[in-house]
Each structure stands twice: as C-alpha cells, then as structure tokens.
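Listed below are the residues making up each chain.
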Amino acid sequence: MQLTADERAMAEGRDGPAVAAAMDLLLRYGRALGAERLVETDNVVASISASTPFMRGFAARGGGMDAVFSQFSLDSDQAVPIPPARARTVHTQLGFAPDHAAQMGVDEATVTFYRQGEAWLAGRGVAATNTCTPYVVGTVPRFGEHCAWMESSAVIYCNSVLGARTNTEGRESVGAAMLTGRIPYWGYHVSANRRGTHAVEVATPLQGVRDWGLLGYWIGAQVQERVPVVQGFGAAPDLVRLKHFGAAASSSGGVEMYHLVGATPEAPTAEAAFGGQAPREQLRFGAAEKRAAWERLNANGDERRVDYVMLGCPHYTFDQVADAAALLQGRRVHPDSALWIFTPRAIKAQADAAGLTRTIEAAGALLMTDSCSAMSRAAPKGTRVVALDSAKQAHYLPAILGVQAWFGSTAECVDAACTGRWAGEAPA
Ligand code: F3S
C-alpha cells in the first residue's frame, strides 16, 4: 500500500507502540481488501468496552483496559499503553444498560468494572454516547466526509442520508482508526461503489414508520448487499422513517447504502443515483409485497398473550419518546406484561427534564439507555412472546432469545403492553 510520510512514521513507531500496532493492523486489513492506500478520518464510531466475561477476565489478569484494547482492538498479544485518540471517537451501544443492570440480570461487579472502563475511555477522549444512533446526538459528519463507523443501522444512515462515507467496520479496524486517524480506502469510500445497482418502484402508499420498516425489510431481502435506488414513495421521509427503513434493509440484507430519488443527497435524479450505469434489476413494491414482508416478520408470532414489548430499535429519538409517553398517558402496563423503551443517554436526560420519563414510569414502563434486548440478550424474566415496532429487532430477537415475536406499529405495541395481548393487524 502507498503510505504518506506521516503514515510511514506512525508505522515505524514515531508515536509509540500502540499507534505502530494500529498501523500494522490497518495495513494487513487494507492489503487483504485490495486497498491501495489509507484515507484520513476524524469521525469514528467504535465499540471498545470489555463487553464479555472473557474480556473482563482478561483485564482482571493484570493489564486492565490497556491489555483489553491491545488484544481485542489492536490484535497485539503484547499489552501496550494506549494513548488518547487521534480521531474524534464516540462509543456505540453496550451489552447492557448500566442504570438498569438489575432488570437485565447484570451483577454489581460487572457494573463497577464497566464504570472503571468508562473512566479509562474518557481519559482517551472517547465520548460515552453509547448508542446505535450517534447521528441523533451530535455525531453528524459533513457530506463526503470519510468515517469509520460500526453498527449496520448507523452505517447505512451515514452513507445514504448524510452522504458521508464509511464501510461497516469492526472492533479492530475502528480501534486502529481511533489511534491513527486512518482507515483503508475501499468500498463505500470510493465514489464508483456508491452508484445504484437496483431500481425499486414503490407502488403502494406508505403509512407511517411501520410501512417504511416493511419497505426496507423487503428491499434488503431482494438486493442483499447491493445499492437500491427507490422511487415512487411520495413525500420525503423524516429522520425516524429513514432510521427504521435503513435498519430494516441492513438486517434482511447487507445493504450499506441506498438512494431515495429526490430525498437523499446523492440522488437528485435517478440518473445521478445510478451514475450512468443501467440497473441490474427492476423491482416493484406493491400491496402484495408489503403484506409479504409483514407476514415474514410475524411468521413466528403464535400466542396472542404478550409478555414483553420493546421499543427503541434503533434507539428512539426525543420525538419518539414523546410519542410513546403520549400513548401511555393515563394508562398502565398490564401486570403480566412489561415495556422497555431504549434511547441514547443524551435523549434520556432531555426526557427526564421534559417530564416524559415520569409519564412513562407512572405507566409502569422503563426508559432505558445504552443497549437493547438484542445486544444485551436480556428481556424480563420468563418472556416467551414479545411485540416490537422495529423490523430489525423482530428479525433478530426470536433467534437470540428463542421467543415468539409480533411486529407492528408503535401504537399497536403500546396497546399490547397495556392489554397484555397482541391485536395488531396486517397492512391493507
Ligand atoms: Fe440499536 Fe439494538 Fe437495534 S443496538 S439498532 S437498538 S438491535
């Protein structure tokens, strides 16, 4: 790979052994990908915490978080001191919610260990945003900016809605990017790879967030890891619809980038989105396809009794928390059910200040941060049947927790929590 003088100096140890190990990792990674060079980045979304018992055991053997980072982020058997981040870095979601550890079945010792790790991260300049939606709490790269992000639902938003550039990175590559401010220049960093491949015509009305989730889920299954160019969807969707659409498309397929003609920044026209190349396939999303996506997501829903409702995948925005609070106003979660709502810490603080948390808790629900049921593998004890307003969570949770899942609108989910029964309906 071609290196600049600065990159060569980092690789040769000018900035210490951790940065040299990070460059070594990036060069091995880049060569394996066929990248010819690295690109500068100052926008990293990373997972760095010691999130598993194995990692915590590793830290406890003496080296602490330096040893964990060396081994699991830099692929270095030798524990080296980790310097502050060179690139602006925020932390993505965790494996549990530290303020609701007991409900998730996480013990005090793990919380204490996590708090120590959080202080270690702060010392390296990493912000503990702890969310899969960094773009709603201040991490908003400019158009065309090169980033190194983890978390598929955030990656697809970064590429498609913000017009910034990232691949779906892993713990190792973002750790190395954080210390060097570099990432291999390949995949979605390269303009030619961002062009559309599949044309999708929406031929049925999209009503609300649920239908955008169904559209994304159907498209992901059709195009897999390609780049869909979507037309015919009516009014430009808002942030929440875009968030649910992208999360769904990156779950049923591996979509990392899409274009909505007239709505996303690299698709002023269909011609611009395709960049002069002809679509490989023409797809049509009509009423039958919408219904099929809904049926696939509800395929393992059987019992109508609902033990648990989870909202906030991807993490809820302030407006979504407010909507959920309004739906719960004056109601109570059924004694045989539970409702957990997940949001970023910064939005939880706003919800606290606005009185929304009080409304949610008065109804017997919880507003939680930092994680979700899929990431934490946690649900209220005895859960067998769940209801979800997220296609992504409905895609993963049955396999992760061995539960039945119902998918529907937020209102249907809140009703399920308050009645203890699923009464959601298929799209017309
Ligand atoms: Fe976020 Fe968990 Fe969904 S981390 S995108 S809420 S699976």
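Up top you'll find the structure we're talking about.
What counts, and at which threshold
Residues numbered from 1 in each chain as written. Predicted model: local features only at pLDDT ≥ 70, side-chain atom pairs only at ≥ 80, totals over all residues. Heavy atoms only, no water. Near = heavy atom within 4 Å. Helix = DSSP H or I, 4+ residues; strand = E, 2+ residues; numbered from the N terminus. Nonpolar A, V, L, I, M, F, W, Y, C, P; charged D, E, K, R; others polar. Phe/Tyr/Trp six-rings, centres within 6.5 Å; stacked < 30°, edge-to-face > 60°. Buried < 20%, exposed > 50% of the residue type's maximum accessible area, 1.4 Å probe, protein only. Pairing = 2+ DSSP bridges. Right-handed = clockwise from strand over helix to strand, strands pointing away.

Asker: It is not clear to me how the site of the ligand should be interpreted in this structure. Could you clarify?
Answerer: Surveying the vicinity of the ligand reveals the residues Gln93, Cys132, Glu151, Ser153, Gly312, Cys313, Pro314, Cys372, Ala374, Met375, Lys392 and Gln393. Elements supplying a minimum of two residues to the shell around the ligand: helix H14 (373-376) and helix H15 (391-401). For the shell around the ligand, the class distribution of residues is six nonpolar, four polar and two charged.

Asker: Sorry if this is basic, but what is going on with the packing of aromatic side chains here?
Answerer: Two numbers describe a pair of aromatic rings. These are the distance of the centres and the angle of the planes. Applying the stated rule across the entire model yields 12 aromatic pairs. Pairing Phe69 with Trp120 gives two aromatic rings, centres 6.0 Å apart and planes at 40°, and the pair type is tilted. Placement of the pair is Phe69 in helix H3 (residues 53-73) and Trp120 in helix H4 (residues 108-123), with a sequence separation of 51 residues. Exposure remark for Phe69: the relative accessible area of 0% places this residue in the buried category. Judged by relative accessible area, which is 13%, Trp120 ranks as buried. Summarising the aromatic geometry, the rings of Tyr308 and Trp340 are spaced 5.2 Å apart at their centres and angled 70° between planes, so their arrangement reads as edge-to-face. With Tyr308 in strand S10 (residues 308-311) and Trp340 in strand S11 (residues 338-343), the pair connects residues that are 32 residues apart, well separated along the chain. Trp340 carries the same exposure label as Tyr308, and that label is buried. Members of the aromatic cluster, connected to one another through ring pairs, are Trp212, Phe233, Phe245 and Tyr258.

Asker: Would you mind showing me how to read the pairing of strand S6 (residues 198-202) here?
Answerer: Each regular strand displays side chains that alternate between the two surfaces of the sheet. Buried residues dominate S6, accounting for four of its five residues. Across four bridges, the pairing between S6 and strand S7 (residues 228-231) is parallel. Paired with Val200 across the two strands is Val230, which belongs to S7. With helix H7 (residues 208-223) bridging S6 and the parallel S7, this β-α-β connection has right-handed handedness. The pairing of S6 with strand S9 (residues 281-285) spans five bridges and is classified as parallel. Its bridge partner lying in S9, Val200 is registered against Leu283.

Asker: Quick question: what am I supposed to make of the sheet that holds strand S3 (residues 89-91) here?
Answerer: Sheet strands pair via backbone hydrogen bonds, and the direction of the pair is either parallel or antiparallel. Here we have three strands laid out as an open sheet, ordered S3-S2-S4, and parallel in their pairing. Two strands bound the open sheet, and with one partner strand each, they are S3 and strand S4 (148-149). Across two bridges, strand S2 (residues 44-46) lies against S4 in parallel orientation. Within S4, the residue paired with Val44 across the bridge is Ala148.

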